[in-house]
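Geometric and topological summary
The chain contents come next:
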Amino acid sequence: MARRSFILGTGSYLPERVLTNVDLAKMVETSDAWIQERTGIRQRHIAADGQLTSDIATAAASRALEAAGLTPADIDLIILATTTPDRTFPASATAVQAKLGITRGAAFDVQAVCSGFLFALATADSMLKQGLFTRALVIGAETFTRIIDWSDRGTCVLFGDGGGAVVIEVREGEFAPDEGIITHHIRTDGSKSDLLYVDGGVSSTGTIGHVRMEGNRVFKHAVANISAAIEAVLDETGLTSADIDWFVPHQANKRILDGVAKKLNIPEDKVVITVDQHANTSAASIPLALDHAVRTGRAKAGDLILSEAMGGGFSWGASLFRL
Ligand code: UT7
């Protein structure tokens, strides 16, 4: 008897406050035209004062539970991908657990920056298939704007706050190879950490620090690494880009998405793009885009979804699943 994980529902949440490119142009030397042309971003959402990553994660998780027709009592695993936790410890996932009123199972955070959601999904999928838990909330949530240097135009225009979540459940039986959550390919290369990092931390400076990035160099690695991860996933499954119903990439820069889609012959109308609405929300961006695709009626039950991400570390990966 085999075990396979299935996605039962998706949810997302964006904070109310919107900061447009025009607003940003009043803060730093930039323009709406430059930001749109170089990134595809039009606006980003900013968490309210006192609104924590765990609040955003809990809102997204509640919507995913509702979509799945489940209650918090049905969940025994929470994995939260975040780079902007509420506190140094405990894991913000435990705050989500408490806010949802869940008193069993386990909750922990995963740190893989913009690739975090895919690392969390791969971790939850593995744990479920191993029989350790039954139903998981996999969440990506960030208050990323709290680690932004608002005087650095090379980074401050790129990021936003938000959260997204999926509920997954393990089932036992006989399955076709392309049912449910099919496979993941996750990678890191620690030798490239100086190209994208935060210049603070508990054991280094004792401060929170700010995002530092050599955007141009990250960009070049992004297209190559993401394409390689996707090719690994397709090679493993014997599927081709023509089999994919929806491409749901990490939303960092529309030019990266276009570059990857072109390289892999994925038609434009199969690419889910939400970066214009919420900018790069790091670990939250894939589940935000996925939930958008589901709630707008584009992605439907049975559709084959290819997802990818690349971020600090470097970390990167790709996942393939059927809704
Ligand atoms: O999700 C995590 C992974 N991160 C990413 O995927 C981000 C990857 N990188 C990028 O998305 C792009 O590299 C950026 C959007 C960050 C920058 O775009 P670019 O086309 O690579 O521009 P660039 O860094 O080569 O800069 C071009 C010019 C520079 O001016 P000079 O030296 O040519 O005079 C910059 O100083 O654009 C200037 N510039 C800006 N101008 C107006 C940089 N930021 C801005 C800005 N507004 N906000």
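Residues numbered from 1 in each chain as written. Predicted model: local features only at pLDDT ≥ 70, side-chain atom pairs only at ≥ 80, totals over all residues. Heavy atoms only, no water.

Right, let's get into the overall build of the protein chain. When you go through the protein chain residue by residue, the secondary structure sums to 10 helices and 13 strands. The C-alpha extent of the protein chain, read off along each of the three principal axes, is 60 × 45 × 40 Å. Counting over 323 residues, the protein chain shows a buried share of 54%. Just so you have it, the protein chain exposes about 13300 Å², and 50% of that area is on carbon and sulfur atoms. Within the protein chain, the 38 negative side-chain charges are centred at a point lying 2 Å from the centre of the 30 positive side-chain charges. (Helix = DSSP H or I, 4+ residues; strand = E, 2+ residues; numbered from the N terminus. Buried < 20%, exposed > 50% of the residue type's maximum accessible area, 1.4 Å probe, protein only. Areas by Shrake-Rupley, 256 points an atom, 1.4 Å probe, with all protein chains shown as cover. Lys, Arg positive; Asp, Glu negative; His and termini not counted. Charge placed at Lys NZ, Arg CZ, Asp CG, Glu CD.)

This brings us to the sheet that holds strand E8 (residues 181-188). Read across the sheet, four strands follow the order E8-E13-E12-E11 without closing on themselves; strand pairing throughout is mixed. Single-partner strands in this sheet number two, and they are E8 and strand E11 (246-249). Neighbour-to-neighbour, the strand axes of the sheet open up by a mean angle of 10 degrees, direction not taken into account. The pairing of E11 with strand E12 (residues 304-311) spans four bridges and is parallel. Across the sheet, the residue bridging to Val-248 is Ser-307, located in E12. Lying over the sheet, helix H5 (residues 116-129) contacts E8, E12 and strand E13 (315-322), oriented at roughly 125 degrees with respect to E8. On the sheet, helix H7 (residues 215-237) packs against E8, E11, E12 and E13 and is oriented at approximately 145 degrees with respect to E12. (Pairing = 2+ DSSP bridges. Axes fitted to C-alpha atoms, helices over the stretch in contact; angles between N-to-C directions. Contact = heavy atoms within 4.5 Å.)

Taken together, 23 residues sit near the ligand, with Thr-30, Arg-38, Asn-216, Asn-253 and Asn-280 positioned nearest. Contact distances for the ligand include 2.9 Å between an oxygen atom and a side-chain N or O atom of His-250. Measuring from an oxygen atom of the ligand, one finds a side-chain N or O atom of Asn-253 at 2.7 Å. Out of a free accessible area of 950 Å², the ligand has 73% covered by protein chains. (Near = heavy atom within 4 Å. Polar contact = N/O pair within 3.5 Å; in protein donor to acceptor, adjacent residues only side chain to side chain.)

Turning next to the pattern of salt bridges. Applying the stated criterion to the full structure yields 12 salt bridges. The shortest N-O distance in the salt bridge between Lys-99 and Asp-55 comes to 2.7 Å. In this pair, Lys-99 sits in helix H4 (residues 92-100) while Asp-55 sits in helix H3 (residues 53-68), placing the two residues 44 residues apart along the sequence. Among the ionic pairs, Glu-214 bridges to Arg-217, the shortest N-O distance being 3.2 Å. (Salt bridge = Lys/Arg side-chain N within 4 Å of Asp/Glu carboxyl O.)

Moving on to unusual backbone geometry. With an omega of 0 degrees, the peptide bond between Phe-89 and Pro-90 qualifies as cis. Its place among the elements puts Pro-90 in the loop between strand E4 (77-81) and H4. Phe-314 follows Gly-313 through a cis peptide bond whose omega is -15 degrees. Its place among the elements puts Phe-314 in the loop between E12 and E13. With a phi close to 50 degrees, Val-113 is a non-glycine residue in the positive phi region. Mapped onto the secondary structure, Val-113 falls in the loop between strand E5 (106-110) and H5. You can call Val-113 buried: its relative accessible area is 19%. A positive phi angle is found at Asn-265, which is not glycine, with a value near 60 degrees. Given a relative accessible area of 63%, Asn-265 falls into the exposed group.

The subject of this paragraph is the side chain of Gln-97. Turning to its location among the elements, Gln-97 is positioned in helix H4. Those residues within four positions of Gln-97 in sequence are excluded, and the remaining contacts are Ile-78, Ile-102, Arg-104, Gly-105 and Ala-107.

Let's shift gears to the domain arrangement of the protein chain. In terms of domains, the protein chain is made up of domain 1 (2-173) and domain 2 (181-322). The C-alpha-based centres of domain 1 and domain 2 are spaced at 14 Å. Counting residues at the interface gives 54 residues for domain 1, matched by 47 residues for domain 2. Contact between domain 1 and domain 2 buries roughly 3800 Å² in total, counting both sides, with carbon and sulfur atoms accounting for 64%. By the criterion of area lost to domain 2, the three top residues of domain 1 are Cys-114, Leu-118 and Ile-147, representing 17% of everything that side buries. (Domains from an automatic or database assignment. Buried area = accessible area lost by both parts, 1.4 Å probe.)

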